[in-house]
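Chain and residue survey
Residue strings, one per chain:
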Amino acid sequence: MDAGSLLGELGRRYGQTFVFSDRGVCSVGFDSDDVDFELAGRSMYFIAEVGSVAGRDRLFPRILKANLSAEETGGGSFAIDGDHGVLLLMKKVAKEMEFDVFEAELVAYLKALRAWKERLPLLSDEGAAPDGGIVGIRV
C-alpha cells in the first residue's frame, strides 16, 4: 500500500478520514498524543513532541546516546525544534508497505513516545544519572 492508502486504512479502522494535505502532512491524535505523518521523498515520517528541553541542557548527550538504541526510541530518533524549544521523536518509514507492517511500526513508535513523555518530566540537569546513561526506559 502507498502512504495515502495506509493513512486511509488507519482512518477507516478508527472511524475517521485521514488524508495528507497539499504539503504532504496529516496530524492525527492518539489519545493525548498528536502525531504528524509527513511525506518526504521516498519516505514517510512519524513526528511528535516529547516535551520541553528547558532546563535539560546536560541531558542532551544522554538523549543523543539513546538515539543509538532502537529499543528506547521505537526505531525513531530525537531532534530538537529550536524555534519551539521542544524535543521531538521522529521515525522514518517507507512510503509503501503492507498495512500490518505500518501498524506495527506505528505501535512501537507510540509506545516509545509515551515512555519518553512520562520519563522526560522526571529528568532535569539535577536528576541526571551519574554515569551519563538514561536509566529505566523500556518499551
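Residues numbered from 1 in each chain as written. Predicted model: local features only at pLDDT ≥ 70, side-chain atom pairs only at ≥ 80, totals over all residues. Heavy atoms only, no water.

**A word on the pattern of salt bridges**
For the structure on display, the rule yields seven salt bridges. Of the charged contacts, one joins R13 and E9 as a salt bridge, the two residues approaching to 2.8 Å between their closest N and O atoms. Here the residue R13 and the residue E9 both occupy positions in helix α1 (residues 3-13), the gap between them amounting to four residues, near one helical turn. Ionic contacts of the salt-bridge type, sharing partners, join the residues E9, R12, R13 and E103 into one network. (Salt bridge = Lys/Arg side-chain N within 4 Å of Asp/Glu carboxyl O. Helix = DSSP H or I, 4+ residues; strand = E, 2+ residues; numbered from the N terminus.)

**A closer look at the pairing of strand β2 (residues 33-40)**
Bridging between strand β1 (residues 25-30) and β2 involves six bridges; their strand directions are antiparallel. Within β2, the residue paired with V25 across the bridge is E38. Direction of pairing for β2 relative to strand β3 (residues 43-52): antiparallel, over a ladder of five bridges. Of the residues in β3, the one forming a bridge with A40 is S43. (Pairing = 2+ DSSP bridges.)

Function cannot be read off these values alone, since they describe shape.
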